[in-house]
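Residue-level structural notes
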Amino acid sequence: MTLKLNIDTRSWRNHIKELHEEFPGLVPVAKGNGYGFGLDVLAREAARLKDDCLAVGTAHEVAKVRDAGWSRDVIVLNPWRPFDETATVLIDDPQIITVVSRLEDLDELRKKHPRARVVAELMTSMRRHGITPEEIESVDAGSLGFEGWTMHLPLKGQLAEAKQLASAAIAHHRGAVWVSHLDIGDYRRLRTQLGVQTRMRMGTRLWLGAPQALSTTATVLDVHRITRGTRYGYHQASAPRDGWLVVVSGGTSHGIALSAPPSARSLRQRGVSLAQGVLDAVGFSRSPFSIGGRKRPFAEPPHMHASMLFVGGSEPGVKVGDEIPVTARQTTTTCDEITWN
Ligand SMILES: *Cc1c(COP(=O)(O)O)cnc(C)c1O
């Protein structure tokens, strides 16, 4: 009775192993909903691979990966701020690496937590967090455990930017360079040209880069015949025509969302059939659930644990207990169960 993530274990693990071989110094990223697998699953995979360091997004996620059995270094990607109490509690832990992205925060750590392990973040064209190139010369790690420099790069490989920033930084204080989002050629070039240890943080490409190894399915929980005018659902909408209500597992609590119905204009542009247009006109919007090879509309917005779909025609095409494909976006979907095939 669940939303299920099905993993082709061998294919998924082969992909992850290949990336480890291609990117020496790889640091797996386990954050948020664990890219749809859960932080615990990712922490255990990283441990299986004998990774030396795992990246999490926030200090709150440290306990989750440790509870799953992770016992080596953890780098917390969100840069430390003095008001982040959870991060501050962890800061003196010898297996925690803290990212610092402002000179004032570095000053404070130097004074109050002189033995903390830190990585200094450099501002990139992302403009999210970081020390500017002009500030590099003021970086003084004092007695802190200086673990290097980090950059978060935009999605398209930015070798020139990475090289320029990193060169300036390591000329000031030599250390490892932590990056993200470089392709393999650029990563190798950076590594050889800088002559320091490089660490590639990787989440999406590592965990979700072999889509053929992953599929999400929902279970059909009920199938009800309805005729035109039948009222149903929380909103007591009336069926626009004869068909079936198909109740499936998976709702808002799993991250199954109602997307806005497309406009009539965009439907015409995409050449979508009038039938779909009519469904949208009566308030149905497309769901991520497929029956008989077609995405079916929601009969009403998804419920907490289940969703009601509308299937027109004389046959529903499914029966209770069937599993149907779901096109889920893994970073916003959390399944109840994982099946390792
Ligand atoms: C999320 C994140 C990553 C990983 O990004 P992906 O696109 O999932 O590989 C790397 N570095 C930082 C700082 C991040 O916040």
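Below you will find a few notes about this structure. Predicted model only: the values in this text are computed from it and were never measured. (Residues numbered from 1 in each chain as written. Predicted model: local features only at pLDDT ≥ 70, side-chain atom pairs only at ≥ 80, totals over all residues. Heavy atoms only, no water.)

So, on to the site of the ligand. Around the ligand sit Val29, Lys31, Tyr35, Leu77, Arg128, His152, Ser180, His181, Arg201, Met202, Gly203 and Thr204, and that is every residue in its neighbourhood. In this structure, tyrosine 35 approaches the ligand through a side-chain N or O atom, which is 2.6 Å from an oxygen atom. Arginine 201 has a polar side-chain atom sitting 2.7 Å from a nitrogen atom of the ligand. Within the complex, 88% of the 380 Å² of free accessible area of the ligand lies under protein. Residues belonging to the shell around the ligand are distributed by class as follows: 4 nonpolar, 5 polar and 3 charged. (Near = heavy atom within 4 Å. Polar contact = N/O pair within 3.5 Å; in protein donor to acceptor, adjacent residues only side chain to side chain. Areas by Shrake-Rupley, 256 points an atom, 1.4 Å probe, with all protein chains shown as cover. Nonpolar A, V, L, I, M, F, W, Y, C, P; charged D, E, K, R; others polar.)

Right, let's get into helix H7 (residues 184-194). For H7, the set of buried residues is Asp186, Tyr187, Leu190 and Leu194. Here the buried residues of H7 occupy an arc of 100° about the axis, which is enough to place them on one side. Tucked into the core, H7 has its buried residues touching helix H6 (159-172), strand E8 (177-180) and strand E9 (198-202). Just downstream of H7 lies glycine 195, where phi reads positive at about 70°. (Buried < 20%, exposed > 50% of the residue type's maximum accessible area, 1.4 Å probe, protein only. Helix = DSSP H or I, 4+ residues; strand = E, 2+ residues; numbered from the N terminus. Arc of directions from axis to C-beta. Contact = heavy atoms within 4.5 Å.)

Examined against the element boundaries, aspartate 73 turns out to sit in strand E4 (residues 73-76). One polar contact links aspartate 73 to arginine 117, side chain to side chain, over a distance of 2.9 Å. If sequence neighbours within four positions are ignored, aspartate 73 has contacts with Asp52, Cys53, Leu54, Pro94, Gln95, Ile97 and Arg117.

You can see threonine 9 is positioned in helix H1 (residues 9-22). For threonine 9, a relative accessible area of 14% gives the class buried. Separated by 204 residues in sequence, threonine 9 and alanine 213 have C-alpha atoms that sit 7.3 Å apart. Discounting chain neighbours no more than four positions away, the residues touching threonine 9 are Trp340 and Asn341.

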